[in-house]
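What follows is the residue order along each chain.
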Amino acid sequence: MRLCVQHLTKEFTGTRGERVLALSDISLDIEPKEFICLLGPSGCGKTTLLRIIGGLEQATSGCIAINSHHVSGPDPMMAMIFQEYSLFPWRTIRDNIAFGLEIRNVQREEREEAVDTYLSLVGLTEFAESYPYELSGGMRQRVAVARALAINPGILLMDEPFGALDAQTRNMMQRELLDIWQKTKKTIIFVTHSVDEAVFLADRIVVLTPRPGTIREVIPIDLPRPRDRTSEDFLRIRRFVLSLIDETMATREDL
Amino acid sequence: MRWYTKLILPIILIFVWEVLAILIGNEFILPRIESVIEVLFRPLANIFGQGSLVENSAVSVFRVLLGFFIGLLAAIPLGIFMGRSDALEEFVDPVIQVLRPIPPIAWLPLALAWFKIGLAGIIFIIFIGAFFPVLINTIDGVKRVSRTWIETACTFGAKEAQILSKVVVPAAMPDIWTGLRVGFGIAWMSVVAAEMLPGTSSGLGFLILFGLNIGQLQVTIAGMIVIGLIGLGIDYLMKRVEMRYFGWKGLEK
Ligand SMILES: Nc1ncnc2c1ncn2[C@@H]1O[C@H](COP(=O)(O)OP(=O)(O)O)[C@@H](O)[C@H]1O
Ligand SMILES: [Mg+2]
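In this section: the overall build of chain A. Scanning chain A for helices and strands turns up 8 helices and 10 strands. Radius of gyration (C-alpha) of chain A: 19 Å, near the 18 Å computed for a compact globule of 255 residues. The principal-axis extents of the C-alpha atoms in chain A amount to approximately 60 × 45 × 35 Å. Here chain A holds 255 residues, and the buried ones make up 56% of them.

Laid out in structure tokens, this is it:
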């Protein structure tokens, strides 16, 4: 699944009627099965870009295409995993994962089959009949991942999905996500403001700079997986990406 | 709080009542507890040709349920659409804000003018009583539905009807249910008041007024106790349903 973003611009109207240029002339080609991280400080437009790709927000200008067909609005080829808590608390874990399939009027047996598959993929089979409030933060995000995967999308959009987790859980979730990515062969667009997370996960890191949000640089990470956070190469790349971001912050302060 | 501490005050009150009744010695002002209990313990006995306690209770419960269901059938859909559409809310809200503070009983004269004496007038009063609390709580509940839940449904390609049935309504249900509880309480008060209308000849409201008119206050008090118990019982049932089905609301986060 090839995703193509061309000359994307997004302007918001602020509360006092002023114009906020959130994204300016973003162009990006994403290869099938690629793991892309959108990296940048908060407020640089990462969420906005992801929401436009996911069809939740309209671009002011520019366009998005999947396999050269134009995308406008939520596309069945994509599924979104939100930063904040998004499970339905009145549904069991099983019924949460089945949600997208229900929306698509998939038959019950087929639904149950898919739910079982993805429950076991994220290691939550024994929690099938539990409710979200009985699960930890990490487990809840795994349910959100399973719910997204259940509709078998080509592209997963993830907005700082592990942002609210503690460091240890976060590292574990990153390894699990890579596992799932390798098993399911999805394209993943992953938003984060953590350099460490981006270097650990990505095939390519797209560094965004704020005001207006533009692409500063696209950095291919060709470290073999599983990546060792303490290795010389990892630290070198991490330092390089950090310096890029510091630079962009510095130029912003100059303004 | 231990269960028996809850009993202390009622026992004192009953004791004071009995002492006062003996001291006053006038059944037309304050009947003794025994006479009230006598009425209560014979719920099937015909009370001075006006039917039994049970019959009159059944009439009142039937009326309140009828009016209440008509009220919620109107209020819940309207509330959902008003909660979903700012334009509709802005359009309707001023009228609701003006009508809402008018107590259901203040509609009595109009009920008489429009529906004459009988079932329809009483149902109208109950309808008014149930309508506003259900409507207001439904609107609030729908507006408070997390945007992320709705957007989750959108990303899966949900149409508005699916968003309503699979996200908005279940998410707002605890608030709607609160509205139903409040609405039922008011409807129950309204039915008793409405049954005191001239020309009504059945129901608990009628019965307690009838007790006064024939100088049998023990009937009035027995009727009042039944009114209280039925209201309490139904609220208890509704609370049980709330805990059983909407318990997730309190357990979140
Ligand atoms: N709905 C909106 N209305 C007005 N401004 C917005 C809106 N959404 C985002 N913005 C602005 O756009 C910029 C980018 O926001 P966002 O995409 O959330 O950044 P990030 O996810 O990188 O933190 C911010 O300056 C933010 O204030
Ligand atoms: Mg964000």
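So, on to the confidence of the model for chain B. Residues and elements named next belong to chain B. With 99% of its residues at a pLDDT of 70 or more, chain B shows a mean pLDDT of 93. Per-residue pLDDT, averaged within each element of chain B, yields its smallest value for helix α11 (residues 248–251) (82) and its largest for helix α3 (residues 53–84) (96). This prediction of the complex comes with two scores: 0.89 for pTM and 0.92 for ipTM.

With that out of the way, let us pick up the sheet that holds strand β5 (residues 69–70) of chain A. All names here are of chain A. In space, the 4 strands of this open sheet follow the order β2-β1-β4-β5, with antiparallel pairing throughout. Lying at the two open borders of the sheet, with one neighbouring strand each, are β2 (19–30) and β5. In terms of strand pairing, strand β1 (residues 3–13) meets β2 through 8 bridges, oriented antiparallel. Each bridged residue has a counterpart across the sheet, and for Cys4 the counterpart in β2 is Asp29. Of the strands in this sheet, β1, β2 and β4 (61–66) are in contact with helix α1 (residues 46–53), which crosses β1 at around 120 degrees.

What follows is about the sheet that holds strand β7 (residues 155–159) of chain A. Residues and elements named next belong to chain A. Judged by pairing direction, the sheet is mixed, and its 6 strands sit side by side in the order β6-β7-β8-β3-β9-β10 without closing on themselves. The open sheet has two edge strands with one neighbour each: β6 (78–81) and β10 (214–220). Averaged over all neighbouring strand pairs, the angle between strand axes comes to 20 degrees, with direction disregarded. As defined by bridge partners, strand β9 (residues 204–209) adjoins β10 across 6 bridges and the pair is classed as antiparallel. The partner of Arg204 across the bridge, within β10, is Pro220.

With that settled, the discussion passes to the pairing of β9(A). Residues and elements named next belong to chain A. With respect to burial, β9 is a largely interior element, 6 of its 6 residues being buried. Of the two faces of β9, the one lined by Arg204, Val206 and Leu208 and the one lined by Ile205, Val207 and Thr209 are each fully buried. Note that strand β3 (residues 35–39) and β9 share 4 bridges and pair parallel. Bridge assignment links Cys37 to a residue of β9, and that residue is Ile205. In sequence, β9 turns back onto β10 through a hairpin of 4 residues, with Arg211 there showing a positive phi of about 50 degrees.

Turning to the interface of chain B and chain A, a few remarks are in order. Taken together, the contact between chain B and chain A spans 20 residues of the former and 25 residues of the latter. When chain B packs against chain A, the two sides together hide about 2100 Å² of surface, and 65% of this comes from carbon and sulfur. Counting the surface chain B buries against chain A, the share from its top three residues, Thr155(B), Phe156(B) and Lys166(B), is 34%. Linking chain B with chain A are 2 salt bridges. The tally of links between chain B and chain A comes to 5 residue pairs in polar contact (both at pLDDT 80 or more). Contributing elements (two or more residues each) for the side of chain B that touches chain A: α7 (147–155), α8 (160–194) and α11 of chain B. When residues in the side of chain B that touches chain A are grouped by element, the largest group, 8 residues, is from α7(B).

Right, let's talk about the nonpolar core for a bit. Grouped together as the largest cluster of nonpolar side chains are 127 residues, with contacts concentrated most on Phe35(A), Phe190(A), Ile205(A) and Val167(B). Of the residues forming this core, the biggest block, 15 residues, is contributed by α8(B). Not counting residues within four places of it along the chain, the set of residues in contact with Val167(B) comprises Phe88(A), Trp90(A), Phe99(A), Val145(B), Trp149(B), Ile150(B), Ala153(B) and Gln162(B). Counting residues in each nonpolar core, the second largest holds 27 residues, with Leu8(A), Leu28(A), Met78(A) and Phe82(A) among its members.

Rules used throughout
- For every chain, the first residue of the written sequence is number 1, and numbering continues from 1 along that sequence.
- Chain labels run from A onward and ligand labels from 1 onward, assigned in the order the entries are written.
- For this predicted model, a pLDDT threshold of at least 70 governs which residues receive local features, and a threshold of 80 or more governs which side-chain atom pairs are given and counted, while totals over whole chains, interfaces and linings are taken from all residues.
- Hydrogens and waters are ignored; side-chain quantities use all the structure's heavy atoms.
- Secondary structure follows DSSP: runs of H or I at least 4 residues long count as helices, runs of E at least 2 residues long count as strands, and numbering of each begins at the N terminus.
- Radius of gyration here uses only the C-alpha atoms, and the compact-globule reference equals 2.2 Å multiplied by the residue count raised to the power 0.38.
- Burial here depends on accessible area, computed with a 1.4 Å probe over protein chains only, as a share of the maximum for the residue type. Under 20% is buried, over 50% is exposed, and the range in between is partly exposed.
- Confidence scores here are pLDDT values: one per residue, from the predictor, ranging 0 to 100.
- Here, a strand pair is defined by DSSP locating no fewer than two bridges between the strands.
- Pairs of residues are marked as contacts when any of their non-hydrogen atoms sit within 4.5 Å.
- Convention adopted: a line fitted to C-alpha atoms gives each axis, helices being fitted over their contacting stretch, and angles between N-to-C directions are expressed from 0 to 180 degrees.
- Buried area: the accessible surface (1.4 Å probe) lost by two parts on joining, summed over both.
- Note on definitions: salt bridges are taken to be side-chain nitrogens of Lys or Arg within 4 Å of carboxyl oxygens of Asp or Glu.
- Contacts described as polar in this section are N or O atom pairs within 3.5 Å, which, within protein, must combine one atom able to donate a hydrogen with one able to accept it, while residues neighboring in sequence count only if both atoms come from side chains.
- For our purposes a nonpolar core is just a set of buried Ala, Val, Leu, Ile, Met, Phe, Trp, Tyr and Cys residues, chained together by side-chain atoms within 4.5 Å.

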